[in-house]
Amino acid sequence: MYAFLLAVVFHPSKEIAKQLVFQPHIHLPKEFSAGQTLVFKKDVDLKFISINQKKMSLIGKNHLLGVVPLYGGNTVKILGQWEIQKLSWLEKQFSHPSVDYFVEYRNVKKHPLKQASNLRIPASVWKKVNDDHADLKEQQKQKMKKLLSQVPSQDFQLDCYKAPINSVVVSKFASPRTLPNGYSYYHSGLDQRARVPSSIKSIGPGKVVFAEHMIVPGNTLVIDHGGGVYSRFMHLSDFRVEPGSKIQTGQVVATTGATGRVEAPHLHWEVVWKGNHANPSQFLQALEPICDQG
Ligand SMILES: [Zn+2]
């Protein structure tokens, strides 16, 4: 009897099953670009995948989404954990759940900061946003950072996300730039030309969580799309929705302007996942193939 039990529990088919299960159904490219949105199909045994320790969010029924950070180091750590399925009732009685991991490191492609180009901020604008206002600017920055990296209150609202405005891109995501005071940084969103006032449409369904004036970003609107994903619009002239409002894809939420630190009127918009800034246009592309599977 014992021999029979042992034979069942340690049957070689379990090893075979383990090997079969631990074939990650994801494909990692050789390197990532900064702000790249990753979408993986989730197989049943997958417990989680993390990007630099931030767990990817479930989107729809069987996909995971996460964003490679723009700031921080030039490498990113991808960790995946699978739980090995047990084969029989007997195995469930005699053995603990078995897990397998994979850990992969990838380079993150971005322009060197020393290639930054100078922003031409008009003197009258710079006076309103310069370092004389350092304390208040820092306070507002920290408050926003906290808002954009809080624990998701709901699942990601999958839909066919769309750009907020149809116009020419005047400054790309992740382009390095330098302020009049010599400080260099990466552009954390996308700038699109916009006559004032042009209507801005929500990129997806969600809830308004912030609509206020800030020194550097000017009038700022933030929409929570669930799963740790937020969209943020800056330099607005006017808000068309209030904090707490539920929003549909394509709904007009604000109008473009030239408030805050700007060279000229335009729309600056961002997508942020768990505090990581995504390349906005690539975010839309990454969702496209699965957007109707909600
Ligand atoms: Zn911008």
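Rules of the game
- Residues numbered from 1 in each chain as written.
- Predicted model: local features only at pLDDT ≥ 70, side-chain atom pairs only at ≥ 80, totals over all residues.
- Helix = DSSP H or I, 4+ residues; strand = E, 2+ residues; numbered from the N terminus.
- Buried ≥ 20, exposed ≤ 12 C-beta atoms within 10 Å, placed from the backbone.
- Contact = placed C-beta atoms within 7 Å.
- Pairing = 2+ DSSP bridges.
- Core = buried A, V, L, I, M, F, W, Y, C linked by C-beta atoms within 7 Å.
- pLDDT = per-residue confidence, 0-100.

Undergrad: Hey, could you run me through the overall build of the chain in this one?
TA: The helix and strand inventory of the chain stands at six helices and 21 strands. Per-residue burial for the chain yields a buried fraction of 31% across its 294 residues. Long-range contacts, defined as pairs at least 24 residues apart, comprise 70% of the intrachain contacts of the chain with a sequence gap of at least 6.

Undergrad: Can you walk me through the sheet that holds strand 9 (residues 117–118) in this structure?
TA: Strands belonging to one sheet form pairs held by backbone hydrogen bonds; the direction of such a pair is parallel or antiparallel. Within the open sheet, the three strands sit side by side as 9-11-12. Their pairing is mixed. Every interior strand has two partners, whereas the edge strands, strand 9 and strand 12 (184–186), have only one.

Undergrad: Just to check I follow, could you spell out the nonpolar core for this structure?
TA: One recurring pattern in soluble globular proteins: nonpolar side chains tend to sit buried together. Formed by 47 residues in total, the largest nonpolar core has its most connected members in Val-68, Leu-221, Phe-233 and Ala-254. Per-element tally for this core: the top contributor is strand 17 (residues 229–239), with six residues. The residues contacting Phe-233, other than those within four sequence positions of it, are Pro-164, Ile-200, Thr-220, Leu-221, Ala-254, Leu-267 and Trp-269.

Undergrad: Teacher, can you tell me more about the sheet that holds strand 7 (residues 75–84) here?
TA: With respect to topology, five strands assemble into an open sheet ordered 1-8-7-3-4, the strand pairing being mixed. Looking at which strands have only one partner, the edges of the open sheet turn out to be strand 1 (31–33) and strand 4 (54–55). Two elements, strand 7 and strand 8 (residues 98–109), share ten bridges in a ladder whose sense is antiparallel. The residue bridging Gln-81 from the neighbouring strand is Tyr-101, located in strand 8.

Undergrad: Whenever I open this one, the environment of Met-214 confuses me. Can you help?
TA: Secondary-structure assignment places Met-214 in strand 15 (residues 206–214). Look at Met-214 and you get buried, because 21 C-beta atoms sit within 10 Å. Considered as a pair, Met-214 and Gln-140 are 74 residues apart in the sequence and their alpha carbons are 6.9 Å apart. In this structure Met-214 touches Gln-140, Thr-220 and Gly-260, once residues within four positions along its chain are discounted.

Undergrad: I would appreciate a short explanation of the pairing of strand 3 (residues 46–51) in the present structure.
TA: Put simply, side chains in a regular strand alternate between the two faces of the sheet. Where strand 3 meets strand 7, five bridges bridge the pair, whose relative direction is antiparallel. Residue pairing for strand 7: Ile-49 is matched across the bridge by Gly-80. Where strand 3 meets strand 4, two bridges bridge the pair, whose relative direction is antiparallel. Opposite Ile-51, over in strand 4, you have Lys-54 as the bridge partner.

Undergrad: Whenever I open this one, unusual backbone geometry confuses me. Can you help?
TA: For residues that are not glycine, phi is negative in most cases, and the peptide bond is trans in most cases. In this structure, the amide linkage connecting Val-196 to the following residue, Pro-197, adopts the cis form with an omega of -5°. Despite not being glycine, Asn-52 shows a phi value in the positive range, around 45°. For Asn-52, the location among the structural elements is in the loop between strand 3 and strand 4.

Undergrad: Whenever I open this one, the confidence of the model for the chain confuses me. Can you help?
TA: Low pLDDT means the predicted atomic positions in that stretch should not be read closely. Scored by pLDDT, the chain comes out at a mean of 89, with 89% of its residues at no less than 70. Of the regions scoring below 50 in pLDDT, residues 6–10 engages in six contacts with residues more than four places distant in sequence or in other chains. Considering only residues more than four positions removed or in separate chains, one finds that residues 14–22, a stretch of pLDDT under 50, has twelve contacts.

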